[in-house]
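Structure at a glance
Chain by chain, the residues run as shown.
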Protein chains: 2
Amino acid sequence: MMMTPELIRKKLKELNLKVTPQRVVILKTLADNKSHPTAEEIYREVIKKQPNIAVGTVYNILETYVNRGIVEKISSIGDKMRYDVVSEDHHHLFSKNSDEIEDYFNVELAGIIGRYLEVNEIPGFKVEGFKLNISGEFTKRGKN
Amino acid sequence: MMMTPELIRKKLKELNLKVTPQRVVILKTLADNKSHPTAEEIYREVIKKQPNIAVGTVYNILETYVNRGIVEKISSIGDKMRYDVVSEDHHHLFSKNSDEIEDYFNVELAGIIGRYLEVNEIPGFKVEGFKLNISGEFTKRGKN
DNA sequence: GTCACTGCAAACCCTTTGCAACTCA
DNA sequence: TGAGTTGCAAAGGGTTTGCAGTGAC
């Protein structure tokens, strides 16, 4: 993605958030990062550019972003929380052998499921969204 | 479900696990329970029948069951782990307003997704299973 | 009798919180 | 200036672990 600092500034202003160096660097790190880092991984990346930052701040800022809807939390079994910038609708591939999580974009499949859930209502439940978690094994490693 | 102690005993033997009162009561509690309890909820339920049991033991036994594949862990964002006896293939409904999780059985939808993933392979990834997490709101409360 | 299992409590680790200092607008 | 943010360190809360004692087989 390589979001420019200007874009990030703009985004923060749209959200009525004060533009602080910490917020900028965290959002930039997350946007530039293809993987799904934990708070601590983000922290380790961020202190390279912004030495004066506390872990607690990383958590706080991430939580703010989650509440504003621009970042989502991903929880996988027995692992710490991971964070992901909200982009187009996508699903996740979970490795059974490791902690890896990869994005899986598939509008067609999402459409099929979405339409199914629209047509076939679930009694007593109003569907607002869904996530397909696919588990399995990465066969090709590389180019991450 | 109301699994009888005999059935549970049999199940444990099949798995080459020693039949201890703690294991029996925990599996029975989980099988008889429609909700998706946390370890602590299970503990609170279990001490009624088996006063001498430690929280750590509950965690250990649940972990054993998860490893043997007869219980699954469910993690929802920012909440503790929840446990569920592995039964037929089913999915979960997550409430956006509370911690509730309900089962959602739908072989038709599962079939559609399963077939789709079989036909449309994901490059670099071998699919072994999937879970559809549907989020929304429970409109009718009651009869749980 | 043996070895796996349990109880207990301490340790662990991720995450949250309280508060004083600071800084963006 | 002053409301909102940050740094820091301590507290919190769920889960794991080590070890001595116990119990299933």
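1. Observations regarding the interface of chain A and chain B
- With 37 residues of chain A in contact, the opposing surface of chain B contributes 36 residues.
- Of all residues in chain A, A:Ile77, A:Tyr116 and A:Phe125 give up the largest surface area on contact with chain B, accounting jointly for 20% of the area buried on that side.
- At the junction of chain A and chain B, the tally comes to four salt bridges.
- Between B:Lys126 and A:Glu137 there is a salt bridge, with the nearest N and O atoms lying 3.6 Å from each other.
- Seen at the junction of chain A and chain B, the total is 17 residue pairs in polar contact (both at pLDDT 80 or more).
- Residue assignment for the side of chain A that touches chain B shows that the elements contributing at least two residues are strand E1 (71–74), strand E3 (91–95), helix H5 (107–119) and strand E5 (125–138) of chain A.
- A per-element tally of the side of chain A that touches chain B places E5(A) first, with 14 residues.
- For the side of chain A that touches chain B, the residue count by class is 19 nonpolar, ten polar and eight charged.
- In terms of strand pairing, E5(A) meets strand E5 (residues 125–138) of chain B through 13 bridges, oriented antiparallel. Paired with A:Leu132 across the two strands is B:Leu132, which belongs to E5(B).

2. Quick notes on the domain arrangement of chain A
Residue and element names in this part refer to chain A.
- As far as domains go, chain A holds domain 1 (5–84) and domain 2 (91–136).
- Look at where the C-alpha atoms of domain 1 and domain 2 centre, and you get two points 25 Å apart.
- Between domain 1 and domain 2, the residue contacts involve eight residues of the former and seven residues of the latter.
- In total, about 580 Å² of surface goes out of reach between domain 1 and domain 2, with carbon and sulfur atoms giving 55% of it.
- Counting across the domain 1 and domain 2 interface gives one salt bridge.
- Among the salt bridges present, the one from Glu72 reaches Lys131, with a minimum N-O distance of 3.9 Å.
- On the surface where domain 1 and domain 2 come into contact, there are three residue pairs in polar contact (both at pLDDT 80 or more).
- Elements represented by at least two residues in the side of domain 1 that touches domain 2 include exactly E1 and strand E2 (82–85).
- For the side of domain 1 that touches domain 2, the residue count by class is one nonpolar, three polar and four charged.

The rules behind these values
- Residues numbered from 1 in each chain as written.
- Chains lettered and ligands numbered in written order.
- Predicted model: local features only at pLDDT ≥ 70, side-chain atom pairs only at ≥ 80, totals over all residues.
- Heavy atoms only, no water.
- Contact = heavy atoms within 4.5 Å.
- Buried area = accessible area lost by both parts, 1.4 Å probe.
- Salt bridge = Lys/Arg side-chain N within 4 Å of Asp/Glu carboxyl O.
- Polar contact = N/O pair within 3.5 Å; in protein donor to acceptor, adjacent residues only side chain to side chain.
- Helix = DSSP H or I, 4+ residues; strand = E, 2+ residues; numbered from the N terminus.
- Nonpolar A, V, L, I, M, F, W, Y, C, P; charged D, E, K, R; others polar.
- Pairing = 2+ DSSP bridges.
- Domains from an automatic or database assignment.

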